[in-house]
Amino acid sequence: MNKKHKPKYPHGYPTCPVCENEELEPGQKFCDICGSELEWKGARAMNPQTKVTFKLTIGFPGAVQTDTFSLHDLGYDPETDTDIDKFLEDQWNEWKDEFVDGGWNIEGSKGDE
Ligand SMILES: [Zn+2]
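Caption draft 1: Local environment of the overall build of the protein. Across its full length, the protein carries one helix and two strands. Burial statistics for the protein: of 113 residues in total, 5% are counted as buried.

Below you can see the structure in the form of structure tokens.
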């Protein structure tokens, strides 16, 4: 694999996909040269040191659990985790499953008439 030249904005400010114009400003919607609509793939890439707080409440007084992680702790990879909302939702779900436990038990179902 040959090394790609380092992009000016390492977290996803692309060159124009049509004319390869590299003079793009963050957030710019259209290419100045060819007028193509720009897709800011990974424009929401986050710094892995960003802190995220997870919170869980279950509606009882005092039943609040919070934990703070850095994105790095959570295994965030800006290259592959391009959808930060989805990533955090998955992580939060895993996290809260460690605290949430329960189910049901049908009384009288053990053959005791
Ligand atoms: Zn262009």
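Caption draft 2: Spotlight on the pairing of strand E2 (residues 64-70). Relative to E2, strand E1 (residues 51-57) runs antiparallel, the two being bridged by seven bridges. Along E2, the bridge assignment pairs Phe54 with Asp67.

Caption draft 3: The arrangement of the pairing of E1 in detail. Of all seven residues in E1, zero are buried; the element is thus mostly exposed. Connecting E1 to the antiparallel partner E2 that follows it, the hairpin turn spans six residues, and Gly59 within it adopts a positive phi of roughly 90 degrees.

Caption draft 4: Quick peek at the confidence of the model for the protein. Overall, the prediction assigns the protein a mean pLDDT of 81, with 78% of residues at 70 or greater. Taken together, the stretch residues 1-11 has pLDDT below 50 and engages in six contacts with residues farther than four places along the chain or on a different chain.

Caption draft 5: Structural view of unusual backbone geometry. Look at Glu20: it is not a glycine, yet its phi comes out positive at around 60 degrees. Position of Glu20 relative to the elements: it lies in the segment before E1.

Caption draft 6: Inspection of the environment of Ala63 at higher detail. By secondary structure assignment, the location of Ala63 is in the loop between E1 and E2. With residues near it in sequence (within four places) discarded, Ala63 still touches Thr57 and Ile58.

Caption draft 7: Quick look at the environment of Glu79. Mapped onto the elements of the fold, Glu79 is located in the loop between E2 and helix H1 (84-97). In this structure, the C-alpha to C-alpha distance between Glu79 and Ala45, residues 34 residues apart in sequence, is 8.2 Å.

Caption draft 8: Looking closely at the environment of Glu23. Assignment of secondary structure puts Glu23 in the segment before E1. Here the alpha-carbon distance between Glu23 and Ile33, two residues ten residues apart in the chain, equals 9.4 Å.

Reading the values: rules and limits
- Residues numbered from 1 in each chain as written.
- Predicted model: local features only at pLDDT ≥ 70, side-chain atom pairs only at ≥ 80, totals over all residues.
- Helix = DSSP H or I, 4+ residues; strand = E, 2+ residues; numbered from the N terminus.
- Buried ≥ 20, exposed ≤ 12 C-beta atoms within 10 Å, placed from the backbone.
- Pairing = 2+ DSSP bridges.
- pLDDT = per-residue confidence, 0-100.
- Contact = placed C-beta atoms within 7 Å.

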